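# Tertiary structure, described
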Amino acid sequence: MPGRRRLQEKVRSLSQNPFGRVVTAMVTPMHDDGSIDFDSLTKLAHHLADNGHDGLLVNGTTGESATTTDDEDYDCVEAVVKAVGDRVKVMAGCGTNDTEHSARAAREMAARGAHSLLVVTPYYNKPTQAGIIEHFRQIAEAGGGLPVMAYDIPGRTGTALTSDTIRELAKIEAVKAVKDAKGDLFEATRLQSETDLLWYSGEDELNLAHLAQGASGVVSVVGHLAGNQYREMIDAIDSGNLSQARDIHRRLVPLVDAIMHTSQGAIQVKAALKMQGVIESDHLRMPLLQGPSSHKDRISAALEAAGL
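Just so it is clear, the model here is predicted, and its values are computed rather than measured. (Residues numbered from 1 in each chain as written. Predicted model: local features only at pLDDT ≥ 70, side-chain atom pairs only at ≥ 80, totals over all residues. Heavy atoms only, no water.)

### A closer look at the packing of aromatic side chains
Tallying each qualifying case throughout the model produces 1 aromatic pair. The positively charged end of Lys179 is found above the aromatic ring belonging to Tyr151, 3.9 Å away from the centroid. (Phe/Tyr/Trp six-rings, centres within 6.5 Å; stacked < 30°, edge-to-face > 60°. Lys NZ or Arg CZ within 6 Å of the ring centre and 35° of its normal.)

### Examining the pairing of strand S6 (residues 175-180)
Of all 6 residues making up S6, 5 are buried, and the element is well covered by its neighbours. Pairing of S6 with strand S7 (residues 198-201), which is carried by 4 bridges, proceeds in the parallel orientation. Bridge pairing in S7 places Ala177 opposite Leu198. Since S6 and S7 lie parallel, the crossover through helix H8 (residues 185-194) that links them has a hand, and here it is right-handed. (Buried < 20%, exposed > 50% of the residue type's maximum accessible area, 1.4 Å probe, protein only. Helix = DSSP H or I, 4+ residues; strand = E, 2+ residues; numbered from the N terminus. Pairing = 2+ DSSP bridges. Right-handed = clockwise from strand over helix to strand, strands pointing away.)

### A closer look at the pairing of strand S3 (residues 89-93)
Judged by how many residues are buried, S3 sits mostly within the fold: 4 of 5 residues are covered. What joins strand S2 (residues 55-58) to S3 is helix H3 (residues 70-84), and the crossover it makes is right-handed. When S3 meets strand S4 (residues 116-120), the two strands line up parallel, connected through 3 bridges. The partner of Gly93 across the bridge, within S4, is Leu118. Handedness of the crossover joining S3 and S4 through helix H4 (residues 99-111): right-handed.

### A look at the pattern of salt bridges
Enumeration according to the criterion identifies 20 salt bridges in this entry. A salt bridge links Arg285 to Glu72, with the shortest nitrogen-to-oxygen separation between them at 2.8 Å. Pair noted here: Arg285 is in the loop between helix H12 (265-275) and helix H13 (293-305) and Glu72 is in helix H3, with a separation of 213 residues, a long-range link. Here Arg285 and Glu72 have matching classes, each one buried. Close ionic contact of Arg104 with Glu100 constitutes a salt bridge, the shortest N to O distance being 4.0 Å. Taken together, the residues Arg104 and Glu100, both in helix H4 and 4 residues apart, mark about one turn of the helix. Its relative accessible area of 43% is what places Arg104 among the partly exposed residues. By sharing partners, the salt bridges in this structure join Asp75, Glu78, Lys82, Glu108 and Arg112 into a single network. (Salt bridge = Lys/Arg side-chain N within 4 Å of Asp/Glu carboxyl O.)

### What about the packing of H3 against H4?
Packing of H3 against H4 leaves a shortest axis separation of 10 Å and a crossing angle of 30°. Here H3 lies roughly parallel to H4, going by the angle between them. The way H3 lies across H4 gives a crossing that is right-handed. The segment H3 lies against H4, with Asp70, Asp73, Tyr74 and Val77 engaging His101, Arg104, Ala105, Glu108 and Met109. Here the contact of H3 with H4 is built from residues that sort into 4 nonpolar, 1 polar and 4 charged. (Axes fitted to C-alpha atoms, helices over the stretch in contact; angles between N-to-C directions. Parallel < 35°, antiparallel > 145°, perpendicular 65-115°, else oblique. Left-handed = near helix turned anticlockwise from the far one by under 90°. Contact = heavy atoms within 4.5 Å. Nonpolar A, V, L, I, M, F, W, Y, C, P; charged D, E, K, R; others polar.)

### Description of the sheet that holds strand S5 (residues 148-152)
Taken together, 8 strands build a closed barrel; the order of strands is S1-S2-S3-S4-S5-S6-S7-S8 and the barrel is parallel. The mean inter-strand angle of the sheet, taken between neighbouring strand axes irrespective of direction, is 25°. Alignment of S5 against S6, held across 5 bridges, turns out to be parallel. Residue Met149 lies in a different strand from S6, and its bridge partner there is Ala177. Most of the contacts of H3 go to S2, to which it runs at about 160°, and overall it touches S2 and S3.

### Examining the confidence of the model for the chain
Confidence along the chain averages 94 in pLDDT terms, with 95% of residues attaining 70 or more. pLDDT under 50 marks residues 1-8. Its contacts with residues more than four places away, or in other chains, come to 7 contacts. Counting contacts from residues 10-14, a segment whose pLDDT is below 50, to residues more than four positions away or on other chains yields 10 contacts. (pLDDT = per-residue confidence, 0-100.)

### Examining the UniProt feature "site: Part of a proton relay during catalysis" (unreviewed entry) in the chain
Here the UniProt-annotated "site: Part of a proton relay during catalysis" (unreviewed entry) positions come out as Thr61 and Tyr124. For Thr61, the location among the structural elements is in the loop between S2 and H3. Contacts of Thr61, omitting those with residues within four sequence positions, involve Tyr151 and Arg156. Mapped onto the elements of the fold, Tyr124 is located in the loop between S4 and helix H5 (129-142). Residues within four places of Tyr124 in sequence aside, it is in contact with Asn97 and Thr157. (UniProt positions renumbered as here; feature names shortened; annotations may be inferred.)

Right, here's the structure in full:
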């Protein structure tokens, strides 16, 4: 398929990718009183840009978007764009289960300098697939042409994007990519072969599997700690060195396990970043709580095992 080969060549060219390839869904650092720590936020953005990343997601689930206000979200996007927007692509999460609210957020995120938008499937109210398609269409229009990544994570939203819905989303000009946290690898590769959508692993456990079958990149949580390693993994796959990519994947297994399977990802990553001195506090907003010392001990052991 010559057309598909041309698309793959385009994906491999970073300058043509509107999202970057090593993207981390940033935590939102907070002071111990719960207010946003903008100094730590910009420090974290620089840290990630210095360590393997060419893309950052602000106001994603890992950023505790469920408990941050609209104004905080906008200010965080603006702060990250000002800090590193000349070095990395900055994607802003703007999806909610209210289409008009999401459209307003898309317009404001664009005004604050975001390079692209992440839109999650509407959660809790369980719309029809037709309603989901229209939801994405209206948000994409509100974004003024910014590239949109659709986030498919049925374990959190309660509603999956069906394959037919993804095919319809691919017809919306601004929708350029899917962040896949559904775990269906065969359907992912089928849709990559049928559409021009860029595909991103949305589960650190499956990063190697997605990349090996042609995904464009990762939107990671563990990338807070392993950005350079994920960059090396992508470079290895691009060069046809699957053995090297597999070795990197295996070295990171204890860290992925400690971050993603011990507790909630945002809880564990904030604890790890505080240990490393990247952020000042590992405070979270309720209902998220800091973990016990045994969880932090597991993070320390995993970092050591991964050589970090």
